[in-house]
Amino acid sequence: MELHKILSVLEEMASLSYAEDFDNVGLIVGNHNQDITGVLVCHDALENVIDEAIVKKCNLVVCFHPILFSGIKKITGKNYVERAIVKAIKNDIAIYAVHTALDNHKKGVNKIFCDALGLTNTKILVPKANYIKKLVTYTISENAEKLRNALFDVGAGKIGNYEDCSFNSKGIGTYLGNEDSNPEIGNRFEFVENEEIKIEVTFEKHLESKIIKALFKNHVYEEVAYEIYSLDNLHQNIGLGMVGEFDTALTETDFLKFVKEKMQCGGIRHSAFTGKTVKKVAVLGGSGSFAIKQAIASGADAFLTADLKYHQFYEAEGKLLLADIGHFESERFTKNYIVDYLKEKITNFAIILSEVNTNPVQYF
């Protein structure tokens, strides 16, 4: 199977447009037309994982964390990053990373985290900002339905659990064409006043090129009048972290014991007990200290994340139980999800879960 076909499936699983701006997601090593013999899915594409891919005859490694995160000027094999890249290139092994593209997906890292704990009634903790745009355009009533439907077909008008959403209002449009014009209504050099329909639809920003293409293809006017705005609205179905609930509240001690068992933690660092039971829980896989205030605002009784610093535990301020369960541990089931997704979408092809434990943190 050619690599680009597998990449299409991976981007259906987690659109690269969902990724944070600081991230390095997508194809890191490889050629889009490369023939793939097998896929190895891992958490981190380290050198020993590349060795595993060679042994198992997999020439595509799909990893959660990108092995190349920031720019490098030389590849000499002097550190673990360069050694992995050199070995992958020498053995024609492609590397693809999902990271925050899957972090921000409503069925991604944090939903997997919630499912592992049995949390229900889940919703995004930190909805994504600067992701929604609005198209405003004007046409005649005879063209309005066709144009709306064309925009809907390429993804416009989806809001939460609803689709085909638009706002339509009537007004009077005016124009006067010059000698080079070819007006749909009226004639050159004629001042025209005509009833028009104003159509407004929102869309996710990565769809903009498709939206504009559909607009021009299905509009009847020679000159298409339109405006595109960036909205301040948060996207409630894309974002980092998640909040969910237990069916039955747990004591804080029982809660931490439960989390340690389910997430296979070597240890849990936590803030002072609040004395309250735990029913509503906020989670954020990986480094989540930036979301402590949002977790408190959500009304969560506890917030599970990783990479918390000493002073950040004070930020709990007795309002919730703040717990650092470990970076790897908070994301540990992500690679299983990727394997299951690929096996469902690509049948009769080798999709293998890596057996290498790449957690760099050890517990004594």
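That block above? That's the structure.
A quick note: this is a predicted structure, and the numbers were derived from the prediction, not measured. (Residues numbered from 1 in each chain as written. Predicted model: local features only at pLDDT ≥ 70, side-chain atom pairs only at ≥ 80, totals over all residues. Heavy atoms only, no water.)

A.B. asks: Which parts of the structure should I look at to understand the sheet that holds strand 11 (residues 269-270)?
C.D. replies: In sheet architecture, strand pairing relies on hydrogen bonds along the backbone and comes in two forms, parallel and antiparallel. If you trace the six strands from one edge of the open sheet to the other, you get 5-10-12-13-14-11, paired in mixed fashion. Single-partner strands in this sheet number two, and they are strand 5 (120-128) and strand 11. As judged from the four bridges shared by strand 13 (residues 302-306) and strand 14 (residues 321-324), these two strands associate in the parallel manner. Looking at strand 14, one finds that leucine 304 is bridged to alanine 323. Of the strands in this sheet, strand 5, strand 10 (235-250), strand 12 (278-287) and strand 13 touch helix 5 (residues 109-117), which is tilted by about 140° from strand 12. The strands that helix 8 (residues 252-262) touches are strand 10, strand 11, strand 12, strand 13 and strand 14; relative to strand 10, the one it contacts most, it runs at about 120°. (Pairing = 2+ DSSP bridges. Helix = DSSP H or I, 4+ residues; strand = E, 2+ residues; numbered from the N terminus. Contact = heavy atoms within 4.5 Å. Axes fitted to C-alpha atoms, helices over the stretch in contact; angles between N-to-C directions.)

A.B. asks: Explain the nonpolar core here, please?
C.D. replies: As a rule of thumb, soluble globular proteins bury nonpolar side chains together. In this structure, Leu10, Val39, Val41, Leu60, Val62, Ile338 and Leu342 are the most contacted members of the largest nonpolar core, which totals 27 residues. Mapped onto this core, the elements with two or more residues apiece are helix 1 (3-13), strand 2 (39-44), strand 3 (60-65), strand 4 (94-97), helix 4 (99-103) and helix 11 (334-345). Looking at which element gives the most residues to this core, the answer is helix 1, with six residues. In this structure leucine 60 touches Leu3, Ile6, Ile36, Gly38, Val39, Leu40, Ile93, Ala94, Ile95 and Tyr96, once residues within four positions along its chain are discounted. (Core = buried A, V, L, I, M, F, W, Y, C linked by side-chain atoms within 4.5 Å. Buried < 20%, exposed > 50% of the residue type's maximum accessible area, 1.4 Å probe, protein only.)

A.B. asks: Help me understand the packing of aromatic side chains in this model?
C.D. replies: The way to describe two aromatic rings as a pair is by their centre distance and the angle between their planes. Counting across every chain of the model gives seven aromatic pairs. Centroid distance phenylalanine 246 to phenylalanine 258: 5.7 Å. Interplanar angle 80°. Geometry classified as edge-to-face. Of the two residues, phenylalanine 246 is situated in strand 10 and phenylalanine 258 in helix 8; the sequence distance between them amounts to twelve residues. The class of phenylalanine 258 is partly exposed, set by a relative accessible area of 23%. (Phe/Tyr/Trp six-rings, centres within 6.5 Å; stacked < 30°, edge-to-face > 60°.)

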